[in-house]
Amino acid sequence: MSAAPSGHPDIPVAAIALIRDRRVLMVTARARDVWYMPGGKIDPGESPAQAAAREAEEEVSVRLDPAALEPLFTVLIQAHGEPEGRLVRMSVFGADTDAEPAASAEVSAVHWAASGDEDNCPPAGVEVLRRLHAAGLID
């Protein structure tokens, strides 16, 4: 794990980008006011793809095969709610499933987001929406 210039270590996380009808799945975590990508911190001994698949099941009740996830990109940006200079390093994976996402005990709501939803997102979510839009994957 690298340390940012501030001396704070990066926060390694993994997330899925499940896209349907030119929208990407996002969630509102319990007691939070912003939309996040379904995902979370990478546990010790876990690959980013394994973490993304585990978090997808925990947060939106979607079971994914880590080997079938497509690495899309990594976002390195200021972590929401953390001291200035603390960065999140988010590995984003494309996911393909017909399963219907549903909010779990960790998540209060699911949302299908487009680029116009940036105001609902923390910095990492904004960057993901921008990259997916630039790639022509979402409106």
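To start, this report covers the structure provided alongside it.

Conventions adopted
- Residue numbers restart at each chain and count upward from 1, following the sequence in its written direction.
- At least 70 in pLDDT is required for a residue's local features to be given in this predicted model, at least 80 for side-chain atom pairs to be given and counted, and no such filter applies to totals for whole chains, interfaces and linings, which use all residues.
- In computing side-chain values, all of the structure's heavy atoms are included and hydrogens and water are not.
- Buriedness of a pocket was judged along seven lines, with at least five required to meet protein on both sides within 12 Å; pockets are open sets of points on a 1 Å grid over the protein atoms alone, cavities are sets where a 1.4 Å probe fits but cannot get out, and lining residues have an atom within 4 Å of a point.
- Grid points are joined across faces, edges and corners, and a volume is the space filled by probe spheres set on the points.
- The numbering of helices and of strands both runs from the N terminus, where a helix is a DSSP run of H or I of at least 4 residues and a strand a run of E of at least 2.
- Residue type decides the class: Asp, Glu, Lys and Arg count as charged, Ala, Val, Leu, Ile, Met, Phe, Trp, Tyr, Cys and Pro as nonpolar, and the leftover types, Gly among them, as polar.
- Note on exposure labels: buried denotes an accessible area under 20% of the residue type's maximum, exposed denotes more than 50%, and partly exposed covers the range between, all computed with a 1.4 Å probe on protein chains only.

## Let's talk about the layout of surface pockets
Next, step 1: Quantified by volume, the largest pocket comes out at close to 610 Å³.
Next, step 2: Residue lining of the largest pocket: 25 residues in total, with Val 13, Arg 32, Tyr 36, Gly 39 and Gly 40 positioned closest to the centre.
Next, step 3: Going through the elements one at a time, strand S1 (11–20), strand S2 (23–29), strand S4 (39–41), helix H1 (48–60), strand S6 (87–95) and helix H2 (123–134) are the ones with two or more residues in the lining of the largest pocket.
Next, step 4: For the lining of the largest pocket, the residue count by class is 14 nonpolar, five polar and six charged.

## A short note on unusual backbone geometry
Next, step 1: Its identity is not glycine, yet Asp 21 carries a phi of approximately 50 degrees, on the positive side.
Next, step 2: Counting through the fold element by element, Asp 21 comes out in the loop between S1 and S2.
Next, step 3: In this structure, Ser 61 takes a positive phi of about 55 degrees despite not being glycine.
Next, step 4: Summarising the element assignment, Ser 61 is placed in the loop between H1 and strand S5 (70–78).
Next, step 5: Of the residues examined, Ser 61 reaches a relative accessible area of 46% and is grouped as partly exposed.

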